[in-house]
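Architecture at a glance
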Amino acid sequence: TNLALFSFFIYFHGGYGTHIQGYSAFHGWFTGPEVVLSALDYVNILFWGHWSVTFYGPEHGAFLNPLLASFFWIGTWKIISNDRTMRFRLLIPPVLILFLLPGILSQNVENLRIIQIIPLILILCGFGAFELWKETPLSLRPYSILLVVLLSLTFDIPRLVQNP
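Residues numbered from 1 in each chain as written. Predicted model: local features only at pLDDT ≥ 70, side-chain atom pairs only at ≥ 80, totals over all residues. Heavy atoms only, no water.

Another point: the packing of helix α3 (residues 32-47) against helix α5 (residues 86-104). It is the contact of α3 with α5, at a shortest axis distance of 9 Å, that shows an interaxial angle of 125 degrees. Put simply, α3 runs oblique to α5. For the pair α3 and α5, the crossing hand works out as right-handed. Residue-level contacts link A39, Y42, V43 and L46 of α3 to L100, G103 and I104 of α5. (Axes fitted to C-alpha atoms, helices over the stretch in contact; angles between N-to-C directions. Helix = DSSP H or I, 4+ residues; strand = E, 2+ residues; numbered from the N terminus. Parallel < 35°, antiparallel > 145°, perpendicular 65-115°, else oblique. Left-handed = near helix turned anticlockwise from the far one by under 90°. Contact = heavy atoms within 4.5 Å.)

All right, on to the environment of G126 then. Among the structural elements, G126 can be located in helix α6 (residues 118-135). Since its relative accessible area comes to 39%, G126 is described here as partly exposed. (Buried < 20%, exposed > 50% of the residue type's maximum accessible area, 1.4 Å probe, protein only.)

What follows covers a nonpolar patch on the surface. A contiguous nonpolar patch, built from F130, W133, I145, L146, V149, L150, L153, I157, L160 and V161 and spanning about 940 Å² of accessible area, is present on the exposed surface. The set of elements that each furnish at least two residues to the nonpolar patch consists of α6 and α7 (141-161). (Patch = residues over 30% accessible without salt bridge, like charges linked within 9 Å, V, L, I, M, F, W, Y side chains within 5 Å. Areas by Shrake-Rupley, 256 points an atom, 1.4 Å probe, with all protein chains shown as cover. Salt bridge = Lys/Arg side-chain N within 4 Å of Asp/Glu carboxyl O.)

A few words now on the pattern of salt bridges. By the definition in use, this model includes two salt bridges. One salt bridge in this structure joins K78 and E131, with 3.9 Å as the shortest N-O distance. Of this pair, K78 sits in helix α4 (residues 66-81) while E131 is found in helix α6, placing the two residues 53 residues apart along the sequence. With a relative accessible area of 38%, K78 lands in the partly exposed category. Close ionic contact of K134 with E131 constitutes a salt bridge, the shortest N to O distance being 3.3 Å. With K134 and E131 both in helix α6 and three residues apart, this pair spans about one turn of that helix. The buried category is assigned to E131, whose relative accessible area is 13%. One connected set of salt bridges, linked through shared partners, spans K78, E131 and K134.

Direction vectors running N to C along α4 and α7 enclose 125 degrees, while the axes themselves pass 8 Å from each other. Between α4 and α7, the angle falls in the class oblique. Note on element contacts: α7 touches α4 through V148, L151, S152 and F155, opposite P66, L67, L68 and F71. Taken together, the residues of the contact of α4 with α7 break down into seven nonpolar, one polar and no charged. (Nonpolar A, V, L, I, M, F, W, Y, C, P; charged D, E, K, R; others polar.)

Moving on, we get to the packing of aromatic side chains. If you walk through the whole model with that rule in mind, you get two aromatic pairs. Taking 4.9 Å as the distance between ring centres and 80 degrees as the angle between the ring planes, the aromatic pair formed by F72 and W73 counts as edge-to-face. When the ring centre of W133 is taken as reference, the NZ or CZ atom of R141 above it lies at 4.3 Å. (Phe/Tyr/Trp six-rings, centres within 6.5 Å; stacked < 30°, edge-to-face > 60°. Lys NZ or Arg CZ within 6 Å of the ring centre and 35° of its normal.)

Quick look at the structure:
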């Protein structure tokens, strides 16, 4: 609590608040629709791409390819709908929102502000891939893993080898 109080004091009395306020989405430089678009872009950039200009992010597409994004939604749905994962079910939405807050509260899209959400998203992708793997017949499981890896690579390799 001392660190929080110290930060609060510095923000209002130490002269450093202008820097924090300058990066805030609510300091008046942007209109309401632009602030909402910037906030939505932080969710968009994880799964579908981005609408606005961004730095340090994917030029085309999103952080996750369509296959991994599908696994994320399957894994998230499975955890939220499962009664045995009560603790995780209650934790996932607030943690996702908490990790997105640095980006949502800022004035423009910069992907490094939400980089802390990537491990959680990849874990949820793993849960989704595991759900697909469980539903696959035993004789086809090795081939299904190979198919998923090859499909994922077909989405990612062109983005990795494109000219800057």
